[in-house]
Amino acid sequence: METTDGSPGTTLRPGHPAADGHRAALRSIARVVEDAAPPQDPLLARAGILDLLREHRPLVITGAGISTDSGIPDYRGPQGSLRRHRPMTYQEFRHDDGARHRYWARSFVGWRQMDAASPNPAHHILAGWQRAGILAGVVTQNVDGLHAAAGTPGLVALHGDLDRVSCLNCGALEDRRSFDGRLVEANPGYLEAVQVDPLMVNPDGDVTLGQEWVDRFHLVGCLVCGSVELKPDVVYFGESVPAERKAAARQAFERAGSVLAIGTSLAVMSGFKFVLDAEKHGRPVAVLNGGPTRADTKAAFRWRTRLAPALEWLDARL
């Protein structure tokens, strides 16, 4: 078995305790979001979203599309990373030592590209809206840390942040920069020798590497217990969102009069659930995205356009 990028596949064969969770995660990754509603007049859509911002204090949900102008690809767009790379599931990462080693080799190279990325105007505009009380909250599905870098108050990073590493054995946490420094010491000359196109970095912070580079990579252990069962402190496909983040996002939803999804296809239930809850409670839904979303049939307003210029247009009128 191979993954879509040609690397060795998982050892989670049928009968493995984690196999069912792995298969469910693969279905989520493979979900295709297609057009399910007729196009909406952009003038109508943008006017509706502007009114929603003025009158209905939305909860904003963001996805990978908001970071493309920062040089980070999205998942499901025309140039999305899923077209060349299948993310590792939690079950693979947790139970397959080879898969975990492969992730860290790739992430060692790719993370520094993510770390060098800066917030773009879209991140700064949303941070300003949140500070001004226009929004009930910002919930992001991204793990790139750019909303936080833009100074968004009360941010809920639903799927975590790549800036920390957790030990699956003892639970210890380490700052990613500290961890990266130890990896540099353990792999002298590695970064200088490997050749990777920075445009090929994936939204989960890794890049595709040949097996020879994976084999050359040396992983370091936990500072507390020495275990190499280390994981970025993010939620993988097939893993549950921590209860405290769910609670924080729920509190933001309860303050909101509407839901506005920006830069996300809402293919994953952790984000789409807010749309379902808004529909259940009779709160309007709007989407601002470059392509189709899972919420299109439920959204009163659907503005299909580039995000940064659209947010700049809205910001100038608020």
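Residues numbered from 1 in each chain as written. Predicted model: local features only at pLDDT ≥ 70, side-chain atom pairs only at ≥ 80, totals over all residues. Heavy atoms only, no water.

Colleague: Hey, could you run me through the sheet that holds strand S4 (residues 160-167) in this one?
Modeller: Strand pairing in a sheet relies on backbone hydrogen bonds. The paired strands run either parallel or antiparallel. The strand order across the open sheet built from three strands is S5-S4-S6, with neighbouring strands paired in antiparallel fashion. Because the sheet does not close on itself, it has two edges, and the strands there are strand S5 (173-175) and strand S6 (230-234). Put simply, the sheet's adjacent strands are angled 40 degrees from each other on average, direction ignored. Taken together, the three bridges between S4 and S5 define a ladder with antiparallel strand orientation. Residue pairing across strands places Arg164 opposite Asp175, the latter belonging to S5. (Pairing = 2+ DSSP bridges. Helix = DSSP H or I, 4+ residues; strand = E, 2+ residues; numbered from the N terminus. Axes fitted to C-alpha atoms, helices over the stretch in contact; angles between N-to-C directions.)

Colleague: Can you help me understand the UniProt feature "active site" (unreviewed entry) in the protein chain in this one?
Modeller: When the UniProt feature table is mapped onto this chain, "active site" (unreviewed entry) is found at His159. Structurally, the position occupied by His159 is in the loop between strand S3 (156-157) and S4. Judged by its relative accessible area of 11%, His159 is buried. (UniProt positions renumbered as here; feature names shortened; annotations may be inferred. Buried < 20%, exposed > 50% of the residue type's maximum accessible area, 1.4 Å probe, protein only.)

Colleague: Can you walk me through the packing of aromatic side chains in this structure?
Modeller: Any two aromatic rings considered together are summarised by their centre-to-centre distance and by the angle between their planes. As enumerated under the stated definition, the model contains 11 aromatic pairs in all. Both rings, one in Tyr103 and one in Trp104, keep their centres 5.2 Å apart while their planes meet at 75 degrees; by these two values the pair is edge-to-face. Here the two residues Tyr103 and Trp104 agree in accessibility, since each one is buried. Between Phe108 and Tyr190, the ring centres sit 5.7 Å apart and the planes meet at 55 degrees, which makes this aromatic pair tilted. Residue Phe108 is located in helix H4 (residues 97-116), and its partner Tyr190 is located in helix H8 (residues 190-193); the two are separated by 82 residues in the primary sequence. Taken as a pair, Phe108 and Tyr190 share a single burial class, namely buried. Ring pairs connect the aromatic residues Phe93, Tyr103, Trp104, Phe179 and Tyr236, which therefore count as one cluster. The lysine or arginine in question, Arg112, covers the ring of Phe108, its NZ or CZ lying 5.0 Å from the ring centre. (Phe/Tyr/Trp six-rings, centres within 6.5 Å; stacked < 30°, edge-to-face > 60°. Lys NZ or Arg CZ within 6 Å of the ring centre and 35° of its normal.)

Colleague: Even after reading the chapter, I still don't get the environment of Trp313, so can you show me in this structure?
Modeller: Here Trp313 is to be found in helix H12 (residues 307-315). For the pair formed by Trp313 and Leu50, sequence separation is 263 residues and the distance between their alpha carbons is 9.4 Å. Excluding residues that lie within four positions of it along the chain, Trp313 makes contacts with Arg46, Leu50 and Trp303. (Contact = heavy atoms within 4.5 Å.)

Colleague: Honestly, the UniProt feature "binding site: Zn(2+)" (unreviewed entry) in the protein chain in this entry has me stumped. Any pointers?
Modeller: The sites that carry the UniProt feature "binding site: Zn(2+)" (unreviewed entry) are, in the present numbering, Cys167, Cys170, Cys222 and Cys225. Of the residues just listed, which span 59 residues, no C-alpha pair is farther apart than 8.7 Å, and they cluster in one region. On the basis of relative accessible area, Cys167 is assigned to the buried category, the value being 5%. Checked against the element boundaries, Cys222 lands in the loop between helix H9 (211-216) and S6. By relative accessible area, which is 9% here, Cys222 ends up buried. If sequence neighbours within four positions are ignored, Cys222 has contacts with Cys167, Cys170, Ala172, Ser227 and Leu230.

Colleague: Before we go on, may I ask you to explain the nonpolar core in this structure?
Modeller: Soluble globular proteins tend to pack their nonpolar side chains together in the buried interior. The biggest cluster of nonpolar side chains holds 33 residues, and the ones touching the most others in it are Trp104, Phe179, Tyr190, Leu209 and Phe217. If one sorts the elements of this core by residue count, H4 sits on top with eight residues. Beyond its immediate sequence surroundings of up to four residues, Phe217 is in contact with His101, Trp104, Ala105, Phe108, Leu183, Asn187 and Tyr190. Core analysis: the next-biggest nonpolar cluster, separate from the first, contains 23 residues, Leu53, Val60, Leu288 and Trp313 among them. (Core = buried A, V, L, I, M, F, W, Y, C linked by side-chain atoms within 4.5 Å.)

Colleague: Please clarify how helix H11 (residues 269-280) should be interpreted in this entry.
Modeller: Since one α-helical turn is 3.6 residues long, residues separated by three or four positions face the same way. With 12 residues, H11 should cover 16 Å at 1.5 Å per step; its first-to-last C-alpha distance of 15 Å lies within 8% of that length. Within H11 the residues assigned to the buried category are Gly271, Phe272, Phe274, Val275, Asp277 and Ala278. (Expected span 1.5 Å × (residues − 1).)

Colleague: What's the story with the pairing of strand S1 (residues 58-62) in this structure? I'm lost.
Modeller: The two faces of the sheet receive side chains in turn, since in a regular strand these alternate between them. Within S1, five of the five residues are buried, which leaves the element mostly enclosed by the surrounding structure. The alternating pattern of S1 places Pro58, Val60 and Thr62 and Leu59 and Ile61 on opposite faces, both of which are buried. One ladder, built from four bridges, connects S1 with strand S2 (residues 137-140); its direction is parallel. Looking at the pairing, Thr62 lines up with Thr140 of S2.

Colleague: Help me understand the pairing of S6 in this model?
Modeller: For S6, the tally of buried residues reaches five of five residues, placing the bulk of the element in the interior. Relative to S6, S4 runs antiparallel, the two being bridged by four bridges. From the neighbouring strand, Val165 faces S6, where its bridge partner is Pro232.

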